[in-house]
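# Close look at the chain arrangement
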Amino acid sequence: MTEAPMIPLSNYREYSPDEMQARAQAFLADVRRRRTVRNFAPRPVPRPVIEACLQAAGTAPSGANKQPWHFVAISNPEVKHQIRLQAESVEDDFYHGRAPDSWLADLRPFATNEFKPYLEIAPWLIAIFEVKYEISQEGDRYKHYYTRESVGIATGLLITALHHAGLVTLTHTPSPMDFLNDVLGRPANERPYLLLVAGFPAEGVLVPDITKKSLDEIATFFE
Ligand code: IYR
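Description of the structure in this document.

Criteria and cut-off values
Throughout, residues of each chain are indexed from 1 in the direction in which the sequence is written. For a predicted model such as this one, the threshold for reporting local features is a pLDDT of at least 70, and the threshold for listing and counting side-chain atom pairs is 80 or more; totals across whole chains, interfaces and linings nevertheless cover every residue. Side-chain metrics in this entry use all non-hydrogen atoms of the structure; hydrogen atoms and water are not considered. A helix here means a DSSP run of H or I that spans at least four residues, while a strand means a run of E at least two residues long, and both kinds are numbered starting from the N terminus. Contacts: residue pairs with any heavy atoms within 4.5 Å of one another. If even one non-hydrogen atom of a residue comes within 4 Å of a molecule or strand, that residue is called near it. Polar contact is the term for a pair of N or O atoms within 3.5 Å; when the atoms are in protein, one must be able to donate a hydrogen and the other to accept it, and sequence-neighboring residues count only if both atoms are side-chain atoms. Only the protein chains shown count as covering a residue, and every accessible area follows the Shrake-Rupley method with a 1.4 Å probe. Asp, Glu, Lys and Arg are counted as charged, while Ala, Val, Leu, Ile, Met, Phe, Trp, Tyr, Cys and Pro are counted as nonpolar; the rest, among them Gly, fall into the polar class. Patch membership requires more than 30% relative accessible area and the absence of a salt bridge. Residues of like charge join within 9 Å; the nonpolar side chains Val, Leu, Ile, Met, Phe, Trp and Tyr join within 5 Å. The term salt bridge refers to a pairing of a side-chain nitrogen on Lys or Arg with a carboxyl oxygen on Asp or Glu at a separation within 4 Å. Type-normalised accessible area, obtained with a 1.4 Å probe on protein chains alone, sets the label of each residue: buried when under 20%, exposed when over 50%, and partly exposed for intermediate values. A pair of strands is considered paired only if DSSP assigns at least 2 bridges between the two. Note on aromatic contacts: the rings of Phe and Tyr and the six-membered ring of Trp form a pair at centre separations within 6.5 Å, being stacked when their planes are under 30 degrees apart, edge-to-face when over 60 apart, and tilted otherwise. Placement of a positive charge over a ring is assigned whenever Lys NZ or Arg CZ falls within 6 Å of the ring centre and within 35 degrees of the normal to the ring plane.

### Some thoughts on the environment of Val 168
For Val 168, the position within the fold is in strand 5 (residues 168–172). Sequence spacing of Val 168 and Glu 19 is 149 residues, and the spatial spacing of their C-alpha atoms is 28 Å. Beyond its immediate chain neighbours, meaning those up to four positions away, Val 168 contacts Val 37, Phe 40, Val 197, Ala 198, Gly 199, Phe 200 and Pro 201.

### Topic: the site of the ligand
All residues adjacent to the ligand are Arg 38, Glu 91, Phe 94, Tyr 95, Trp 103, Leu 107, Thr 112, Asn 113, Lys 116, His 172 and Thr 173. The separation between a nitrogen atom of the ligand and a polar side-chain atom of Glu 91 is 2.9 Å. Here Lys 116 contributes a side-chain N or O atom positioned 2.5 Å from an oxygen atom of the ligand. With the chains in place, 70% of the 380 Å² that the ligand exposes on its own is no longer accessible. Residue assignment for the shell around the ligand shows that the elements contributing at least two residues are helix 3 (77–98) and helix 4 (101–107). The greatest single-element share of the shell around the ligand, amounting to three residues, is contributed by helix 3. Looking at the shell around the ligand residue by residue, the classes come out as four nonpolar, four polar and three charged.

### Examining a nonpolar patch on the surface
Together, Leu 215, Ile 218 and Phe 221 make up a nonpolar patch on the protein surface, roughly 370 Å² of accessible area in all. Locating Leu 215 in the fold gives a position in helix 8 (residues 215–218).

### A word on the pairing of strand 2 (residues 124–131)
Where burial is concerned, most of strand 2 is hidden: eight out of the eight residues are buried. Alternating positions in strand 2 separate into two faces, Trp 124, Ile 126, Ile 128 and Glu 130 on one and Leu 125, Ala 127, Phe 129 and Val 131 on the other, with burial throughout. Here strand 1 (residues 69–74) runs beside strand 2; their pairing, made up of six bridges, is antiparallel. Bridging from a neighbouring strand, Phe 71 pairs with Ile 128 of strand 2. As paired elements, strand 2 and strand 6 (residues 190–199) share eight bridges and run antiparallel to each other. The residue bridging Ile 126 from the neighbouring strand is Leu 196, located in strand 6.

### Quick word on the environment of Arg 32
As for its placement among the helices and strands, Arg 32 is situated in helix 1 (residues 17–32). A relative accessible area of 64% places Arg 32 in the exposed class. On a C-alpha basis, the gap between Arg 32 and Tyr 118 in space is 23 Å, while along the polypeptide they are 86 residues apart.

### Some details on the packing of aromatic side chains
Within this structure, the stated rule accounts for two aromatic pairs. Ring centres of Phe 94 and Trp 103 lie 4.8 Å apart, and the angle between their planes is 85 degrees; on these two criteria the pair is classed as edge-to-face. Here Phe 94 falls in the buried class, since its relative accessible area comes to 6%. The class for Trp 103 is partly exposed, based on a relative accessible area of 44%. These aromatic residues form a ring-pair network of at least three members: Phe 94, Tyr 95 and Trp 103. Directly above the aromatic system of Phe 200 lies the positively charged group of Arg 43, at a separation of 3.8 Å from the ring centroid.

Here it is in structure tokens:
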């Protein structure tokens, strides 16, 4: 077996213990300000900002570095309109049939319903696709690995990058989501992962009065 070429880790930075702690706390304070928002201002967001955030998402680790994601960024009003129509159609089935009462009860604090005006009002929709496998020129299938994990990590980075840039997001998962392949012309090896709505918050926007679990609830240490 031939050995893969290796290069020095040239950009790594170590911080002093104090600086490390300060940076960790500062990052925590900043991500704690992130809130999911369902009311967006119609103000545009420049495409280069979205491009940089997508490039940040693209730095995510992935199984065998296959980078099994594809992002479709949509500001086109007609495409947004098509997505809204189809999303509202599947959500109507969800809220008025498919969803069990226990699920609807869990959603009550978030005041969600089948109407999704933000899909047209927000300046950008980012449809995230999980690329299940690659097809070679010869038509052979090459498997990707841990695609859900990889795309989940990239999506987390994207949400964080957008927050860091001063934007708000909504992670929207219309179910089923396969209409996104048709509307956006994506091939069969790509499966919709989620639809991220991004932009500025509407003026005076309200968000649910929720809390995050404490460190004790989410973490266990063995020292
Ligand atoms: N996809 C639906 C329902 C929904 C489900 C969950 I879990 C949420 O956290 C929020 C909404 C909708 O977008 O309304």
